[in-house]
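Single-letter residue listing:
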Amino acid sequence: MPEQIDGSTLLELARSARDLAYAPYSHFHVGAALQTKDGLVFPGCNVENAAYGLCNCAERTALFSAMAAGCKPGDFSAIAVIADTPEPVTPCGSCRQVLAELCPADMPVLLANTAGSTRQTTVEALLPDGFRLVLAG
Ligand SMILES: O=c1ccn([C@H]2C[C@H](O)[C@@H](CO)O2)c(=O)[nH]1
Ligand SMILES: [Zn+2]
């Protein structure tokens, strides 16, 4: 695998991405940074909408941006996520489902809060036994 940036640098990139969050409804700003096996990093922030159901999380912004730039499922090597929470922020169910489809099961997921607490988990640990479309017959 080409040169990878370390977890603390990836978290700093997520922290910078968080500054770009558009969250006028929740005022909850989230940043993400998604690293590819090729050594690229795609930032993500949450982007809200007056139609609340359209709000997009930082994690999915980063993943969809990477896919729009030509990345394919399995191309990713780590993601960092940060928000102003008492404990390191943890991805919502929708993001877990998208992570599970696009990222390796053992991919590290680095979670942090702005105060500096961190936790590391994996895609599989966040969504064990997740749904996959396997057609019968
Ligand atoms: O892991 C998370 C959790 C929440 N949000 C966003 C969605 C919404 O804009 C706001 C409040 O839920 O935070 C994220 O971006 N990532
Ligand atoms: Zn989410």
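- Taking an unreviewed UniProt entry as the reference, the chain is identified by name as Cytidine deaminase belonging to Dyella nitratireducens.
- Within the UniProt record for the chain, the comment given under Cofactor (unreviewed entry) is "Zn(2+)".
- Comment text from UniProt for the chain, heading Function (unreviewed entry), reads "This enzyme scavenges exogenous and endogenous cytidine and 2'-deoxycytidine for UMP synthesis."

**Regarding the coordination of the zinc ion (ligand 2)**
Here's step 1: Here the zinc ion (ligand 2) is held by the protein donor atoms Cys57 (SG), Cys92 (SG) and Cys95 (SG), which lie 2.2 to 2.3 Å from it.
Here's step 2: Counting gaps between the donor residues of the zinc ion (ligand 2) yields the pattern C-x34-C-x2-C. Linking cysteine 57 in the loop between β2 (41–45) and α2 (58–68) with cysteine 95 in helix α3 (residues 93–102), this pair joins segments that are 38 residues apart in sequence.
Here's step 3: Taking relative accessible area as the criterion, cysteine 95 reaches 0% and is therefore assigned buried.

So, how was this worked out
- Residues numbered from 1 in each chain as written.
- Chains lettered and ligands numbered in written order.
- Predicted model: local features only at pLDDT ≥ 70, side-chain atom pairs only at ≥ 80, totals over all residues.
- Heavy atoms only, no water.
- UniProt positions renumbered as here; feature names shortened; annotations may be inferred.
- Donors = N, O, S within 2.8 Å, 3.2 Å for Na, K, Ca; no water.
- Helix = DSSP H or I, 4+ residues; strand = E, 2+ residues; numbered from the N terminus.
- Buried < 20%, exposed > 50% of the residue type's maximum accessible area, 1.4 Å probe, protein only.

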